[in-house]
Amino acid sequence: MRVQAVRNLVAAPTPETVGAGIVLEHLSGLGDVVTQLAAEAGHLSEWGRELCTRLIGGHRLLTCGNGGSAAEAQHLSAEIVGRFEGDRPPFSAIALHADSSSVTAIGNDYGFDEVFARQVTAHARPGDIVLLLSTSGRSPNLLRAAEAAGAAGATAWALTGPGPNPLAERCDDWIGLDSRASNVQEGQLIAIHAICCAFDAYLGSPAVTAPVAAVRPGGVR
């Protein structure tokens, strides 16, 4: 009996082993997301090429999301206006959720469902790209933003969780990740870095339709 009690004590889970197990489970989910993104490598590269073509032609990128997806959308805008890994000209990219005065004013006057759509209507022009990030693909304010992009003649792309979903159906193109929300958000960061890799690779390439020299200072129209 004493030997069995010792064995049970050794085998009993501790807070440390339980915590490590939870972390490993989370990391396993991220590994699955990376595998899904690897299958979308050509798709992500095409997004980077198309974004490069549009921005050097004087168009702009608008991004938005909610919560963690907002952080990833703003991350992409920062990479485009600033730089990714190497020095290059700045290009026009606006994170719509980052304008706190517009978000709160529109939310107060028109409701939270309109906080992005009204800004898309104000800023988007034909040829611009509106990138919408969502783990669920069901957020009403993003659905309205996709509709506003279509009405403005802009191209709407979505990075979402599992599909099909309403946001994917309202966009011109989308990439969905089949995982829980936290892993989807981590995958979104990997996806936007992949887009930036392709974007920088295509700058100055004959694969795009306009030369970098066509960019005005600051990438502003």
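Residues numbered from 1 in each chain as written. Predicted model: local features only at pLDDT ≥ 70, side-chain atom pairs only at ≥ 80, totals over all residues. Heavy atoms only, no water.

1. Considering the sheet that holds strand β2 (residues 93-95)
Logical step 1: Read from one edge of the open sheet, five strands run β2-β1-β3-β4-β5, paired in parallel fashion. A single partner strand is all that each edge strand has here, and the edge strands are β2 and β5 (173-176). Here the strands of the sheet are splayed against their neighbours by 15° on average, with no regard to which way each runs.
Logical step 2: In this structure, strand β1 (residues 61-65) lies alongside β2, joined through three bridges in parallel fashion. Note that in β2 the partner of Thr63 across the bridge is Ala95.
Logical step 3: Where helix α3 (residues 41-56) meets the sheet, its contacts fall on β1, β3 (129-133), β4 (155-160) and β5, and the angle it forms with β5 comes to roughly 140°. (Pairing = 2+ DSSP bridges. Helix = DSSP H or I, 4+ residues; strand = E, 2+ residues; numbered from the N terminus. Axes fitted to C-alpha atoms, helices over the stretch in contact; angles between N-to-C directions. Contact = heavy atoms within 4.5 Å.)

2. Description of the pattern of salt bridges
Logical step 1: Applying the stated criterion to the full structure yields seven salt bridges.
Logical step 2: Glu50 is the partner of Arg49 in a salt bridge, and the nearest nitrogen-oxygen pair spans 3.0 Å. Across the pair, exposure class does not vary: Arg49 and Glu50 are buried alike.
Logical step 3: One salt-bridge network, held together by shared partners, links Glu46, Arg49, Glu50 and Arg54. (Salt bridge = Lys/Arg side-chain N within 4 Å of Asp/Glu carboxyl O. Buried < 20%, exposed > 50% of the residue type's maximum accessible area, 1.4 Å probe, protein only.)

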